[in-house]
Amino acid sequence: MNAAQVIFILAAAITLFSALMVVSVRRMMHAALWLIVTLLGVAVLFVLLQAGFFAVVQVLFYVGAIAILIIFAVMLTRQVMSEKAPQLNRGWVAGLGVSAGLMVILALVLRNFPGSTATAVADPSAGNAVALGLAFSDPSGFAIPFEVASILLVAALIGTIYIALERKGGEQ
Amino acid sequence: MDFWTDPYLFLVNWLQELLVGWGVPAATSAFLLMLTGAFILAMGAMLFVLGLIWFERKIAGRFQDRFGPNRIGPWGIIQPLADMLKIFTKEHITPDGVDLVPYNLGPVLSVAAVLAVWAVLPFTLSLVGADLDVSVLYVVAIGGLGEIAVVLSGWGSNNKYALLAAFRSVAQLLSYEVPLVIALLVPVMLSGSLSLNDIVRGQTLPYVILAPVAAFVFFLTSIAEVGRSPFDLTEAESELVAGFNIEYSGLKFGMFYVADFLHAFTISLLFAVLFLGGWQGPYAVQYPMLGLLWFFLKAGVVYFIGVWMRVSFPRFRIDQMMAISWKLLTPLAIAAVILTALIAKLIPTDGILRTGSLLAANLLLAGCAMLALILNRKKKILKEFPLSAASGFSVKDVTGKTQRSAQ
Amino acid sequence: MIPLSWYLLVAAALFCIGLFGVLARRNAIAILMGIELMLNAVNINLLAFWSYLHHDRMNGLVFAAIVFAAAAAETAVGLGLILSVYRRRGTVVAEELDTMKG
Amino acid sequence: MTAWTYIGIFLAIALALPAAAIFISWLLGPKKPDPIKRSVYECGIETVGDTWVQFKAQYYIFGLVFLVFDVETVFLFPWAAAYNQLTLFMVLEAILFILILVAGLLYAWRKGALEWV
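Residues numbered from 1 in each chain as written. Chains lettered and ligands numbered in written order. Predicted model: local features only at pLDDT ≥ 70, side-chain atom pairs only at ≥ 80, totals over all residues. Heavy atoms only, no water.

Just give me the short version of the overall build of chain C, but keep the residues and values in it.
In terms of regular secondary structure, chain C is built from three helices and zero strands. Ordered by position from the N terminus, the helices and strands of chain C form the series α-α-α. Over its C-alpha trace chain C gives a radius of gyration of 17 Å, far above what one expects of a compact globule, namely 13 Å for 102 residues. Seen through its principal axes, chain C has C-alpha atoms that stretch 50 × 25 × 25 Å. When burial is assessed residue by residue, chain C has 66% of its 102 residues classed as buried. The long-range fraction of contacts in chain C, counting pairs at least 24 apart against all pairs at least 6 apart in sequence, stands at 60%. For chain C, the exposed area adds up to about 3,600 Å²; of that, 68% sits on carbon and sulfur atoms. In chain C, 7 side chains carry a positive charge and 6 a negative one; their mean positions are 7 Å apart. (Helix = DSSP H or I, 4+ residues; strand = E, 2+ residues; numbered from the N terminus. Rg over C-alpha atoms; globule rule 2.2 N^0.38 Å. Buried < 20%, exposed > 50% of the residue type's maximum accessible area, 1.4 Å probe, protein only. Contact = heavy atoms within 4.5 Å. Areas by Shrake-Rupley, 256 points an atom, 1.4 Å probe, with all protein chains shown as cover. Lys, Arg positive; Asp, Glu negative; His and termini not counted. Charge placed at Lys NZ, Arg CZ, Asp CG, Glu CD.)

Given below as structure tokens:
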């Protein structure tokens, strides 16, 4: 039970507990704050996987941008009455059944997955950002996804501005 | 490596041998040393703020032609300590309907978000907290946590004005983080690594000479990120009462105050690391402790300029502030990145030619930005006072129609 | 050391919690948060496989970076839609948006 | 890995120090609760309605443009870190990446999304 395993168990417990709170807590603002705790827990898991760049990007991007955007959205659509109404729709039992079933299936698949006993973690230096940068830019590597990602982002930007911007003219 | 050349490393090794001598296994002794080192650094930063408060109040006094604190102790040195003791014994008033966890977590997280930056700052050749290979991004990510602290305290205090002020402040922080992050690309490109330590080692020639535009953008955006001087709309007295920290009293309010000062000095440390060459200086390699002196001197100069701006500039309106970030600083930062990327690749060999062309390109870019500003200003003036109505002045009445005055 | 199966189990659990959030919550923004959890679970899996089995090739890392971009685009457009629906219908509860129902 | 353990320790201490200071100050400070003292500060006027305020979509638009430019940095920082080993063609690729995103910014500028209404 060395230090890494203790940290892993702690981080995994915090992540899963706060994820459960995200889906079950009544008030939307609290759900958003629990989501931030989940994202920080996942960042700790990335550190344990020797992917330091992704841990920092996770905190910078998810906690710094997406969580704040969700909090803005929660603020923009606040209604006093909807907080008291039941937060789960009628078919929530079916939803619980489906996800529990999926969990059992995944556990079975993992049990006889050959690689799951692999423990040898190779040298940590291979996964740093410079190697990723090279992979992203050399044409034989992943240059195409690099450019497609920017087109995807601009499309999302233009689409959302077109939708969300209050046009001065007739709205309803 | 005896005591005189590098006291820090000598001390660490001596302690290490001492602990191992007592039979403490190597791993735990390294852990203990790390723990004490981190504790000393954190306590040092918190106590450093007291000196900072005194330094700023004295300088602000001098700018406004008055003495600043001089009652307690010689030149008022003990004044911040007296303030601290007073605020330590103040009552904590918690208003009703407060959301306890976010309310109390807000001030703690805002100080922790600033303190955590000190973990990766390269103080000297050997004295580095954590030699992280992604420390530039770590610093920006910790800035993101500061925004979460603002949201927590704004939401937790269950006060309409605090909530509104918190979101205006977050909107400002967000729109100023974009040019900050883009301007950070330039030092990373010039030094070829994401680690602050390598950036400082690569700066035999400070990057402020190679990329002055990026340095200017970084300086302005980091001051806006702290929420001080011209960009301090969020807790301006004339605006929304006292911003998001209305409902805090006693030391919790004191914590926001400490976070504000510590953050102001941390950005000057960062500016010194990224653009002024950190501990680089004469004899800094042979005697690393001397590097610490250069580092804090450079940061002090940048901090002085920050205080200078804070005292002399009027406050920006919120739409002006947003316009500056999106319409001036972001295009400027993007242009600086593209310019540096192209030129540093076309002239790969280090030397006068490369620095000269980089400097020229940056100055050219700054000139174009100035020109664009002037033309835009002229266009705006012309729109309001069209030349055609030179004979009589045109007055817009309530309905917006232009009435021509009598000749 | 930590065997790979631990990571895969945690990722699977996170994915199922996210799935439950999507299926059972009435508020559209809570559904979006559920989707965020599922995307994070995918990221954990990608990085776990990269870190344990294919440390030399960059596929896992590049895929995880693209998941970041996809999550950004998805959240931006999703929240934009929710806001404009809220402005027009005045409600954010997913069940009441049934004008397309036959 | 030792760097990350140091970061972990430092974050724990950075959270513990202010919390300890506030706790000590809570112990030292006087505790005289008083209903008037505990009422929400509203420049002296009674608060009207619960604390919820209708926001403009302006906040969301700024958050959105920030989100897109934040992801841009996720892709550009590895490229900037590997800058010394890149050829000119690769540099032009990244500049194309930046120009595409600048097109998005210009669209937002033209549509007036960046105005603070």
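On we go from here.
Kindly report on the overall build of chain A, identifying the contributing residues and their values.
Check the secondary structure of chain A and you find six helices and zero strands. Put simply, chain A runs from its N terminus to its C terminus through helices and strands in the order α-α-α-α-α-α. Counting across all 172 residues of chain A, residues that qualify as buried make up 49%. Across chain A, every contact between residues at least 6 apart in sequence was considered, and the portion connecting residues at least 24 apart equals 52%. Of the roughly 7,400 Å² of accessible surface on chain A, 75% is carried by carbon and sulfur atoms.

Quick one: what's the story with helix α3 (residues 52-76) of chain A, residue by residue and with numbers?
Residues and elements named next belong to chain A. Look at α3: 35 Å from first C-alpha to last across 25 residues, which is about the 36 Å you get at 1.5 Å a residue. The axis of α3 is deflected most strongly, by about 30°, at tyrosine 62. Counting buried residues along α3, 25 of its 25 residues qualify, which places the element largely inside the surrounding structure. (Expected span 1.5 Å × (residues − 1). Bend = angle between axes of the 7 residues up to and from the residue.)

Talk me through the interface of chain D and chain B; I want residue IDs and the actual numbers.
Each side of the interface is counted separately: chain D has 65 residues, and chain B has 83 residues. Summed over both sides, the interface of chain D with chain B buries roughly 6,600 Å², with 79% coming from carbon and sulfur. Counting the surface chain D buries against chain B, the share from its top three residues, Tyr6(D), Phe10(D) and Phe77(D), is 11%. Put simply, chain D and chain B have zero salt bridges between them. (Buried area = accessible area lost by both parts, 1.4 Å probe. Salt bridge = Lys/Arg side-chain N within 4 Å of Asp/Glu carboxyl O.)

How would you explain empty space enclosed by the protein if you had to name every residue and give the values?
All names here are of chain B. The tally for this structure, following the rule as stated, stands at five cavities of 30 Å³ or more. Quantified by volume, the second largest cavity comes out at close to 120 Å³. Taken together, 13 residues make up the lining of the second largest cavity; nearest its centre are Ile223, Ala264, Ile267, Val302 and Gly306. Those elements that provide at least two residues to the lining of the second largest cavity are α9 (212-226), α10 (251-275) and α11 (288-312). Classifying every residue of the lining of the second largest cavity by side-chain character gives eight nonpolar, four polar and one charged. (1 Å grid on protein atoms, 1.4 Å probe; cavity = no way out; pocket = protein on both sides within 12 Å on 5 of 7 lines; lining within 4 Å. Points joined across faces, edges and corners; volume = space filled by probe spheres on them. Nonpolar A, V, L, I, M, F, W, Y, C, P; charged D, E, K, R; others polar.)

Which residues make up a positive patch on the surface, and what are the values?
On the surface, a cluster of positive charge is made up of Arg377(B), Lys379(B), Lys380(B) and Lys383(B). Considering the arrangement of structural elements, one finds Arg377(B) in helix α13 (residues 352-384). (Patch = residues over 30% accessible without salt bridge, like charges linked within 9 Å, V, L, I, M, F, W, Y side chains within 5 Å.)

Before we move on, can you summarise the environment of Met103(A) with the specific residues and values?
Here Met103(A) is to be found in helix α4 (residues 92-111). Expressed as a C-alpha distance, the spacing of Met103(A) and Ala13(A), which sit 90 residues apart in the sequence, is 17 Å. Not counting the four nearest positions on each side in its chain, Met103(A) is found in contact with Leu9(C), Ala12(C), Ala13(C) and Cys16(C).

Just give me the short version of the interface of chain C and chain A, but keep the residues and values in it.
Note on interface size: it is often stated as the accessible area lost on association of the parts. Every contact between the two is made by 69 residues of chain C and, on the other side, 85 residues of chain A. Each partner contributes to the roughly 7,000 Å² buried at the junction of chain C and chain A, and carbon and sulfur atoms together form 77% of this total. Among the residues chain C hides against chain A, the three largest losses belong to Arg25(C), Met33(C) and Phe68(C). Together they make up 11% of the total. The interface formed by chain C and chain A includes zero salt bridges. Between the two partners, chain C and chain A, sit four residue pairs in polar contact (both at pLDDT 80 or more). Of all the secondary structure elements, the ones that give two or more residues to the side of chain C that touches chain A are α1 (4-24), α2 (28-52) and α3 (59-89) of chain C. Considering every element that reaches the side of chain C that touches chain A, the biggest residue donor is α3(C), with 23 residues. Of the residues belonging to the side of chain C that touches chain A, the class tally is 50 nonpolar, 13 polar and six charged. (Polar contact = N/O pair within 3.5 Å; in protein donor to acceptor, adjacent residues only side chain to side chain.)

Before we move on, can you summarise a nonpolar patch on the surface with the specific residues and values?
Residues and elements named next belong to chain B. On the surface, a nonpolar cluster with roughly 640 Å² of combined accessible area is contributed by Phe3, Trp4, Phe10, Leu11, Trp14 and Leu15. With respect to the secondary-structure elements, phenylalanine 3 resides in the segment before α1 (7-21). What makes phenylalanine 3 partly exposed here is its relative accessible area of 37%.

Let's hear about unusual backbone geometry: which residues, and what values?
For Gln50(A), which is not a glycine, the phi torsion comes out positive at approximately 55°. Looking at Gln50(A), the relative accessible area reads 18%, which means it is buried.

An account of the nonpolar core is requested, with residue identities and associated values reported.
Formed by 271 residues in total, the largest nonpolar core has its most connected members in Phe54(A), Phe61(A), Leu196(B) and Trp79(D). Ranked by residues supplied to this core, first place goes to α3(A) with 22 residues. Residues contacting Leu196(B), with those up to four places away along its chain left out, are Val120(B), Leu121(B), Pro122(B), Ser135(B), Val136(B), Val139(B), Leu270(B), Val273(B) and Leu274(B). (Core = buried A, V, L, I, M, F, W, Y, C linked by side-chain atoms within 4.5 Å.)

Give a detailed account of the packing of helix α1 (residues 3-24) of chain A against α1(C), specifying residues and quantitative values.
At a closest axis distance of 9 Å, the pairing of α1(A) and α1(C) adopts a crossing angle of 10°. Compared by their axis directions, α1(A) and α1(C) come out roughly parallel. Note on element contacts: α1(C) touches α1(A) through Trp6(C), Tyr7(C), Val10(C), Ala13(C), Leu14(C), Ile17(C), Phe20(C) and Gly21(C), opposite Gln5(A), Phe8(A), Ile9(A), Ala12(A), Thr15(A), Leu16(A), Ala19(A), Leu20(A) and Val23(A). In the contact of α1(A) with α1(C), the residues fall into 14 nonpolar, three polar and no charged. (Axes fitted to C-alpha atoms, helices over the stretch in contact; angles between N-to-C directions. Parallel < 35°, antiparallel > 145°, perpendicular 65-115°, else oblique.)

Describe the packing of aromatic side chains, listing the residues and the values that go with them.
Under the counting rule described, the total for this entry stands at 37 aromatic pairs over all chains. On the numbers, 5.7 Å between centres and 90° between planes, the contact of Phe17(A) with Trp34(A) is edge-to-face. Note that Phe17(A) is positioned in helix α1 and Trp34(A) in helix α2 (residues 28-48), a separation of 17 residues in sequence. Taking the centre distance of 5.9 Å and the plane angle of 80° together, the rings of Trp79(D) and Tyr83(D) count as edge-to-face. Judged by its relative accessible area of 1%, Trp79(D) is buried. Under the relative-accessibility criterion, Tyr83(D) is labelled buried at 3%. (Phe/Tyr/Trp six-rings, centres within 6.5 Å; stacked < 30°, edge-to-face > 60°.)

Mind laying out the confidence of the model for chain C, listing which residues take part and the relevant values?
The share of residues in chain C with pLDDT of 70 or more is 98%, and the mean pLDDT across the chain is 87. Reported for the predicted complex are a pTM of 0.88 and an ipTM of 0.89. (pLDDT = per-residue confidence, 0-100.)

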